[in-house]
Amino acid sequence: MKNFLLICFTFCMVQAINAQVSISAGTGFLRGFQSEKSFFGIHAGLELPRNNDVTLYGRVGQYFAQNEDQASTALVTAQDFTTVPYQLQVNYFSSFNYTTLEGGTRYYIGNDYDSGFSGYGGSNFMLAFNTVKRDYEKTDITGMYEWEGQYQTGGNEETEGRIISFALGLQGGLKYTFPGTGTVYFDISAQYAIAGVGNNETANNTNLYSPLYFIFNVGFRKDLY
């Protein structure tokens, strides 16, 4: 599903290419308002000018997984009724990442889109894909029993889950264009997920998900004619 949407997103942007298009790439980090972690990542995008001061843009971002600081505990049950002890408590840490697809309109203030120093801002939308993974310890909380192969987690406690959310937001930034070379830029966006769905309890019970998050990016843009 994620790969299909990525292909469609890229195809739509390519179809919109006119006499001028810009490609960009860079790095940055994402921080959830209610999250205890910042997620380092990379991004790549396209920008299409409608005129000297207004552009359409699209961007793909990958923000790499972080682990929760505090361990959680799950109850595992023996596969054989004769196993003693029949149940154990096992600690695990959850990891969480972001893959983002965003697009919107930018309005440039000061110099034009492709010249000099200027600021920009505008509204955008975003599809975010999160993968949640549980990394269970090999032994129970006492350290006495190895449980893998003899015990199993509960039916609603899968080792991996996914969240898909749709967000709306605002973006603002600064850029400087070096004639004949390209453009360096820095921007910040604030996103609020108005719809987010996890596919199982593992996805819905992570502490690293936040419906409100901020993205800070820096990068380089090359204008193609």
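Described below are features of the structure shown in this document.

Thresholds, definitions, all that
- Residues numbered from 1 in each chain as written.
- Predicted model: local features only at pLDDT ≥ 70, side-chain atom pairs only at ≥ 80, totals over all residues.
- Heavy atoms only, no water.
- Helix = DSSP H or I, 4+ residues; strand = E, 2+ residues; numbered from the N terminus.
- Rg over C-alpha atoms; globule rule 2.2 N^0.38 Å.
- Buried < 20%, exposed > 50% of the residue type's maximum accessible area, 1.4 Å probe, protein only.
- Contact = heavy atoms within 4.5 Å.
- Core = buried A, V, L, I, M, F, W, Y, C linked by side-chain atoms within 4.5 Å.
- Phe/Tyr/Trp six-rings, centres within 6.5 Å; stacked < 30°, edge-to-face > 60°.
- Pairing = 2+ DSSP bridges.
- Salt bridge = Lys/Arg side-chain N within 4 Å of Asp/Glu carboxyl O.
- Patch = residues over 30% accessible without salt bridge, like charges linked within 9 Å, V, L, I, M, F, W, Y side chains within 5 Å.
- Areas by Shrake-Rupley, 256 points an atom, 1.4 Å probe, with all protein chains shown as cover.

1. Some thoughts on the overall build of the chain
Here is step 1: When you go through the chain residue by residue, the secondary structure sums to two helices and ten strands.
Here is step 2: Shown N-terminal to C-terminal, the secondary structure of the chain runs as helices and strands in the order α-β-β-β-β-β-β-β-β-β-α-β.
Here is step 3: Here the chain has a C-alpha radius of gyration of 22 Å; the compact-globule value for 225 residues is 17 Å, and the former is much larger.
Here is step 4: Dimensions along the principal axes, computed over C-alpha positions, put the chain at roughly 75 × 30 × 30 Å.
Here is step 5: Of all 225 residues assigned to the chain, the portion counted as buried reaches 42%.
Here is step 6: Across the chain, contacts joining residues at least 24 apart in sequence account for 73% of those joining residues at least 6 apart.

2. Here's the deal with the nonpolar core
Here is step 1: If you look at the biggest cluster of nonpolar residues, it comprises 15 residues, and the most contacted ones within it are Leu30, Phe39, Tyr63, Phe96, Tyr98, Tyr213 and Ile215.
Here is step 2: Elements with a minimum of two residues in this core: strand E5 (87-110), strand E6 (116-136), strand E8 (160-178) and strand E10 (212-224).
Here is step 3: If you tally residues by element for this core, the top one is E6, at three residues.
Here is step 4: In contact with Leu30, not counting residues within four places along its chain, are Lys37, Ser38, Phe39, Tyr63, Tyr98, Tyr213, Phe214 and Ile215.
Here is step 5: Ranked by size, the runner-up nonpolar core spans nine residues in total, among them Val76, Ala78, Val90 and Tyr151.

3. Side note on the packing of aromatic side chains
Each aromatic ring pair is characterised by the separation of its centres together with the angle its planes make.
Here is step 1: For the structure on display, the rule yields twelve aromatic pairs.
Here is step 2: Geometrically, the ring pair formed by Phe29 and Phe216 is stacked, given 4.8 Å between the ring centres and 20 degrees between the ring planes. Separated by 187 residues along the polypeptide, Phe29 in strand E1 (residues 21-32) and Phe216 in strand E10 bring together distant segments of the chain.
Here is step 3: On the basis of relative accessible area, Phe29 is assigned to the partly exposed category, the value being 36%.
Here is step 4: Ring centres of Phe81 and Tyr86 lie 5.9 Å apart, and the angle between their planes is 10 degrees; this geometry places the pair in the stacked category.
Here is step 5: One aromatic cluster is present, formed by Phe39, Phe96, Tyr98 and Tyr213 through successive ring pairs.

4. Quick look at the environment of Asn156
Here is step 1: In this fold, Asn156 is placed in the loop between strand E7 (151-152) and E8.
Here is step 2: With residues near it in sequence (within four places) discarded, Asn156 still touches Glu201 and Thr202.

5. Here's the deal with the pairing of E1
Looking along a regular strand, one sees the side chains alternate between the two faces of the sheet.
Here is step 1: By the bridge criterion, twelve bridges tie E1 to E10 in an arrangement that is antiparallel. Along E10, the bridge assignment pairs Phe29 with Phe216.
Here is step 2: Note that E1 and strand E2 (residues 38-49) share ten bridges and pair antiparallel. Along E2, the bridge assignment pairs Ser24 with Gly45.

6. Examining the pattern of salt bridges
Here is step 1: Under the defined criterion, the tally for this structure stands at eight salt bridges.
Here is step 2: Of the charged contacts, one joins Arg106 and Glu47 as a salt bridge, the two residues approaching to 3.0 Å between their closest N and O atoms. Linking Arg106 in strand E5 with Glu47 in strand E2, this pair joins segments that are 59 residues apart in sequence. Grouping residues by exposure puts Arg106 and Glu47 together as buried.
Here is step 3: The partner of Asp187 in a salt bridge is Arg106, and the shortest N-O contact between them spans 3.7 Å. Here the residue Asp187 occupies a position in strand E9 (residues 182-198), and Arg106 occupies one in strand E5, the gap between them amounting to 81 residues.
Here is step 4: Note on Arg106: relative accessible area 6%, which makes it buried.
Here is step 5: Shared partners join several salt bridges into a network, and the residues in it are Glu47, Arg59, Arg106, Asp187, Arg221 and Asp223.

7. A few points about a nonpolar patch on the surface
Here is step 1: On the surface, Phe117, Leu174, Tyr176, Phe178, Val184 and Phe220 cluster together into a nonpolar patch covering about 550 Å² of accessible area.
Here is step 2: No other element matches the three residues that E8 contributes to the nonpolar patch.
Here is step 3: On the accessibility criterion, Phe178 (38% relative accessible area) is partly exposed.

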